[in-house]
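# Structural overview
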Amino acid sequence: MTAMIPYGRQDISDADIQAVVDVLRSDYLTQGPAVPAFEKSIADYCGAQHAVAANSATSALHIACLALSVGPNDKVWTTPITFVASANCALYCGAQIDFVDIDSRTYNMSVERLAEKLVHAEKIGNLPKVVIPVHLCGQPCDMAGIHALSQQYGFKIIEDASHAIGGKYRGEPIGNCRYSDITVFSFHPVKIITTGEGGMAMTNDAQLAKHMQLLRSHGITRDVSEMTHAPEGPWYYQQLDLGYNYRMTDLQAALGLSQMRRLDEFVTRRHAIAKLYDQLLADMPVITPWQHADSYSGLHLYVIRLKLGDIGGTHRQVFEALRAAGIGVNMHYIPVYRQPYYEGLGFKAGHCLEAEHYYAEAISLPMYPGLTEAQQDKVIEAIRLATEK
Ligand SMILES: *Cc1c(COP(=O)(O)O)cnc(C)c1O
């Protein structure tokens, strides 16, 4: 049997490997110069003032919530069509989570549903402290709309841009935080650039950046200007907050810095793959991704929806047939509140109908820079067979 074509995978060059080897031979495997160099590279690319690297996007989301002082009794809202980490970060802080239904075309958080939910929440005194829109598949959310609502209702915004580095919103790089307080990227190997594990929080607020730097390293500072009193000696440091060890290593940062040189190339390649899929799928019983004119997607994922009325099998049968044909299709995502843990918090089926409708039809096709045309043809042929009446 030939190997399964995965839905996503990293692209590692000799230069990437050499960059990591160079760190291995250097003085610092962690807390050396590669992390600040990687942070600067992403801040410059995005046009953000500050970048705080972490050992995952999950960690970055956690310290982003803490820096925005999310705590018990606070409410945080996100989309149900996301990875669980976008919601878990609120629960880590002891806050309550809720979900805003999605837009039927972009599958991102719907600004109309958000506006309706805010009107209701204001009436009952239950407004969110933070809203976490997720740029699903790399397509940016309607950030201008969400930002306008944040001004009206006084909530903060964390963009979960785990899928979206290299993309643009209204002609500007995602991550510049024009419409948010903090933007988080992920560098997991299936994402657009990788550090193995890793994440980063972008912000234009110096206080938030300082607080996140503190929280990623035990809440400890060695900066005299931040201390409550003069140092007791050259050894002295102070723990000012309850932080974590969420640091990125220099090995990871060197890989990320090297990957940054090919970021634009990766995203261009993803667009070429998407264009070919769009053409090859045009006459099939599927809905191809819809792109908003305001946006240039990072295209982390290529999600189709099955027109179930026009095909022979069920969603599950088509999915299983594709896997059996060696196509590593995937599902992004199960609505978060349908997870047993979330049902244990009281969430029930029917909470976000558009999200559940999406879940009943969606399939992620293979999408990564190394995907060949021959492999794309194989994907298409398998879809043709799997969807025949
Ligand atoms: C991958 C992902 C995360 C978590 O990223 P890690 O770096 O693996 O912690 C969070 N949110 C979304 C939307 C993701 O896709």
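Residues numbered from 1 in each chain as written. Predicted model: local features only at pLDDT ≥ 70, side-chain atom pairs only at ≥ 80, totals over all residues. Heavy atoms only, no water.

For sheets, the rule is that strands pair by backbone hydrogen bonds, running either parallel or antiparallel. The strand order across the open sheet built from 7 strands is 1-9-8-5-4-2-3, with neighbouring strands paired in mixed fashion. The outermost strands of the open sheet, each flanked by one partner alone, are strand 1 (50–54) and strand 3 (96–99). Each strand of the sheet is rotated relative to its neighbour by a mean of 20 degrees, with strand direction disregarded. Pairing geometry for strand 2 (residues 75–78) and strand 3, over 4 bridges, is parallel. Opposite Trp77, over in strand 3, you have Asp98 as the bridge partner. Each of strand 1, strand 8 (182–186) and strand 9 (199–203) touches helix 2 (residues 34–46); the most contacted strand, strand 9, lies at about 50 degrees to it. (Pairing = 2+ DSSP bridges. Helix = DSSP H or I, 4+ residues; strand = E, 2+ residues; numbered from the N terminus. Axes fitted to C-alpha atoms, helices over the stretch in contact; angles between N-to-C directions. Contact = heavy atoms within 4.5 Å.)

The immediate surroundings of the ligand are formed by 15 residues, with Thr58, Asp160, His163, Ser186 and Lys191 found nearest. Here a nitrogen atom of the ligand and a side-chain polar atom of Asp160 are 2.7 Å apart. Burial of the ligand by the protein chains amounts to 93% of its free accessible area of 380 Å². Given that more than half its atoms are within 2 Å of the pocket grid, the ligand belongs to the second largest pocket. Elements that contribute at least two residues to the shell around the ligand include exactly helix 3 (57–67) and helix 4 (85–92). (Near = heavy atom within 4 Å. Polar contact = N/O pair within 3.5 Å; in protein donor to acceptor, adjacent residues only side chain to side chain. Areas by Shrake-Rupley, 256 points an atom, 1.4 Å probe, with all protein chains shown as cover. 1 Å grid on protein atoms, 1.4 Å probe; cavity = no way out; pocket = protein on both sides within 12 Å on 5 of 7 lines; lining within 4 Å. Sits in = over half its atoms within 2 Å of the grid points.)

When the domains of the chain are assigned, the result is domain 1 (14–260) and domain 2 (263–387). Taken over both partners, the interface formed by domain 1 and domain 2 buries close to 3,200 Å², and the fraction arising from carbon and sulfur atoms is 64%. For domain 1, the biggest contributors to the area lost against domain 2 are Tyr107, Cys137 and Ile192; these three give 18% of the whole. The interface formed by domain 1 and domain 2 holds 1 salt bridge in total. The salt bridge involving Asp294 is made with Arg170; its shortest N-O contact spans 3.1 Å. Applying the counting criterion to the domain 1 and domain 2 interface returns 23 residue pairs in polar contact (both at pLDDT 80 or more). Secondary-structure elements contributing two or more residues to the side of domain 1 that touches domain 2 are helix 4, strand 3, strand 6 (168–169) and helix 8 (250–260). Here the residues of the side of domain 1 that touches domain 2 sort into 21 nonpolar, 11 polar and 7 charged. (Domains from an automatic or database assignment. Buried area = accessible area lost by both parts, 1.4 Å probe. Salt bridge = Lys/Arg side-chain N within 4 Å of Asp/Glu carboxyl O. Nonpolar A, V, L, I, M, F, W, Y, C, P; charged D, E, K, R; others polar.)

In this section: the side chain of Arg262. Turning to its location among the elements, Arg262 is positioned in the loop between helix 8 and helix 9 (263–280). What makes Arg262 buried here is its relative accessible area of 14%. Ignoring anything within four residues of it in the chain, the contact list for Arg262 reads Asp11, Ile12, Ser13 and Asp16. (Buried < 20%, exposed > 50% of the residue type's maximum accessible area, 1.4 Å probe, protein only.)

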